[in-house]
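Here is what each chain is made of, one letter per residue.
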Amino acid sequence: MVKNLALFILGALFLVSCGGGEVSQINVGGSSTVYPITEAVAEEFRQAFRSDTSNIRVTVGVSGTGGGFQKFIRGDIGIVNASREIYPEEIEAAEKQGVEYVRLSVAYDGLAVVVNPKNDWVEYLTVEELEKIWEPEAQGTVMQWSDIREEWPDAPLHLYGPGVASGTFDYFTEVIVGESGKSRGDFTSSEDDNVLVQGVSTDKYALGFFGLAYYEENADQLRLIGVDNGEGPPVKPTVQTISNGTYAPLSRPLFIYVSEEAAKKESVQKFINFYLNRAPKLVKQIGYVPMPDSAYQAQKQKFEQFVSQVETVADSAATQ
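Residues numbered from 1 in each chain as written. Predicted model: local features only at pLDDT ≥ 70, side-chain atom pairs only at ≥ 80, totals over all residues. Heavy atoms only, no water.

Engineer: Any chance you could explain helix H11 (residues 266–286) here in plain terms?
Structural biologist: Along an α-helix, a turn takes 3.6 residues, which lines up residues three or four apart on a common side. Counted at 1.5 Å a residue, the expected span for H11 with its 21 residues is 30 Å, and the 28 Å between its end C-alpha atoms agrees. Where H11 bends most, at Ala 279, the angle is about 55°, and the proline Pro 280 comes one to four residues later. For H11, the full list of buried residues reads Ser 267, Val 268, Gln 269, Phe 271, Ile 272, Phe 274, Tyr 275, Leu 276, Ala 279, Leu 282, Val 283 and Ile 286. Positive phi appears at Gly 287, one or two residues downstream of H11, with a value of about 120°. (Helix = DSSP H or I, 4+ residues; strand = E, 2+ residues; numbered from the N terminus. Expected span 1.5 Å × (residues − 1). Bend = angle between axes of the 7 residues up to and from the residue. Buried < 20%, exposed > 50% of the residue type's maximum accessible area, 1.4 Å probe, protein only.)

Written out as structure tokens, the structure is:
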């Protein structure tokens, strides 16, 4: 008996010395647009705290903002990347499941409207033309480039865009068509923006849209066009035009949502604080637009207050 106990103690000490023990898993999912930011943060988190985080594992997946919220509400993930705000029906579903959360802003993004480099006739599109192309009534009607402008080629119009579970799709349809999710259905869609890049880069008659960062990564394979909103000359998305609001209406904030259950974990608290500290630098490196430093400080305070409330509720429940 004593011998067995001694072996048990030695084994336990070995596990501790080797970084053993209970692993804290942090699961993140959702928007493909926010994914590069969160994955970059997660990688630096792993490197910066290699010894401290030997028992903390961060997994970042992609399922689109809508799919991410579904997983978030089910409790499959504790953090969701979101390229739009949570919808009223999603709020209702979360309330029914007893899921409390905090929304944190992490960056700004502009949607890039792109064509193939061999396209030599389009320099910009107006907001009205974008609506004409993408509204439901366009299906079966706006099928040629000449259907947009008579002087353009009588050649097929091939459209590429994010899938319907994507926050990018929701945002684009809301500001261009006038209703989130309202769009023609005869276009090549994917939750993976790399698929869209590949499609446009190999199709002379293609037109597509996705987050600016994906254009920046593939600028040698695509051509960025301007957008005319009727308030001046056509504008292309850049750090400056997104920051000063002149690239309208195709610029937006990006978010992460953290559940109350996840925020109880010390590992998640450490990760989120690290995220908000590193975001300004990483966001810029990736190709998005960082918020002002004061805005990141405000998000840190917002998260700290949320954690404090969570801990207060937990302490109150424990004493009852």
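That shown, we press on.
Engineer: I tried to follow the packing of aromatic side chains on my own but got confused; where do I start?
Structural biologist: Note on aromatic pairs: each is described by the distance of the centres and the angle between the planes. One pass over the structure, following the stated rule, counts 16 aromatic pairs. Plain terms: the ring middles of Phe 45 and Phe 271 are 5.3 Å apart, the flat faces sit at 85° to each other, and that makes the pair edge-to-face. Here Phe 45 is found in helix H2 (residues 35–48), whereas its partner Phe 271 is found in helix H11, with 226 residues between them in sequence. Overall, the relative accessible area of 0% leaves Phe 271 in the buried class. Among the aromatic residues, those joined into a ring-pair cluster are Phe 69, Phe 72, Tyr 101, Phe 255 and Tyr 257. When the ring centre of Tyr 87 is taken as origin, the NZ or CZ atom of Arg 84, which lies over that ring, is 3.7 Å away. If you follow Arg 149 out to its NZ or CZ, it ends over the ring of Tyr 124, 4.7 Å from the centre. (Phe/Tyr/Trp six-rings, centres within 6.5 Å; stacked < 30°, edge-to-face > 60°. Lys NZ or Arg CZ within 6 Å of the ring centre and 35° of its normal.)

Engineer: I would appreciate a short explanation of the side chain of Ser 183 in the present structure.
Structural biologist: The topology assignment puts Ser 183 in the loop between helix H6 (167–177) and strand S7 (188–190). Taking the relative accessible area as the measure of exposure, Ser 183 reaches 17% and is therefore buried. When neighbours within four sequence positions are excluded, Ser 183 is seen to be in contact with Trp 134, Glu 135, Pro 136, Phe 169 and Thr 173. (Contact = heavy atoms within 4.5 Å.)

Engineer: Explain the packing of helix H3 (residues 64–74) against helix H4 (residues 88–96) here, please?
Structural biologist: If you want to describe how two helices pack, look at the angle between their axes and the distance between the axes. With their axes 10 Å apart at the nearest point, H3 and H4 run at an angle of 15° to one another. When the interaxial angle is binned, H3 and H4 end up roughly parallel. Between H3 and H4 lies a crossing whose hand is right-handed. Judged by residue contacts, Gly 66, Phe 69 and Ile 73 of H3 engage Glu 90, Ala 93 and Ala 94 from H4. Across the contact of H3 with H4, the residue classes tally to four nonpolar, one polar and one charged. (Axes fitted to C-alpha atoms, helices over the stretch in contact; angles between N-to-C directions. Parallel < 35°, antiparallel > 145°, perpendicular 65-115°, else oblique. Left-handed = near helix turned anticlockwise from the far one by under 90°. Nonpolar A, V, L, I, M, F, W, Y, C, P; charged D, E, K, R; others polar.)

Engineer: Mind showing me how you'd approach the nonpolar core here?
Structural biologist: Across soluble globular proteins, nonpolar side chains have a tendency to be buried as a group. Ranked by size, the top nonpolar core spans 84 residues in total, and within it Leu 125, Leu 207, Val 258, Phe 271 and Ile 272 carry the most contacts. Not counting the four nearest positions on each side in its chain, Phe 271 is found in contact with Ile 26, Thr 38, Val 41, Ala 42, Phe 45, Val 58 and Ile 79. In terms of nonpolar packing, the next biggest core, distinct from the first, is built from eleven residues, Phe 69, Phe 72, Ile 73 and Ile 77 among them. (Core = buried A, V, L, I, M, F, W, Y, C linked by side-chain atoms within 4.5 Å.)

Engineer: Explain the environment of Leu 196 to me, please; I cannot follow it from the model alone.
Structural biologist: If you trace the backbone, Leu 196 turns up in helix H7 (residues 193–201). Between the alpha carbons of Leu 196 and Pro 162 there is a distance of 7.6 Å; along the sequence they are 34 residues apart. Those residues in contact with Leu 196 that lie beyond four places of it in its chain are Tyr 160, Gly 161, Pro 162, Thr 188, Ser 189, Ser 190, Phe 209 and Phe 210.

Engineer: For this particular structure, what's the right way to read the layout of surface pockets?
Structural biologist: Empty space left among the atoms is revealed by rolling a probe the size of a water molecule over them. When its volume is computed, the largest pocket comes out at roughly 320 Å³. Mapped by element, the contributors of at least two residues to the lining of the largest pocket are strand S1 (24–30), H3 and helix H10 (260–263). Along the lines of polarity and charge, the residues of the lining of the largest pocket split into eight nonpolar, six polar and five charged. (1 Å grid on protein atoms, 1.4 Å probe; cavity = no way out; pocket = protein on both sides within 12 Å on 5 of 7 lines; lining within 4 Å. Points joined across faces, edges and corners; volume = space filled by probe spheres on them.)

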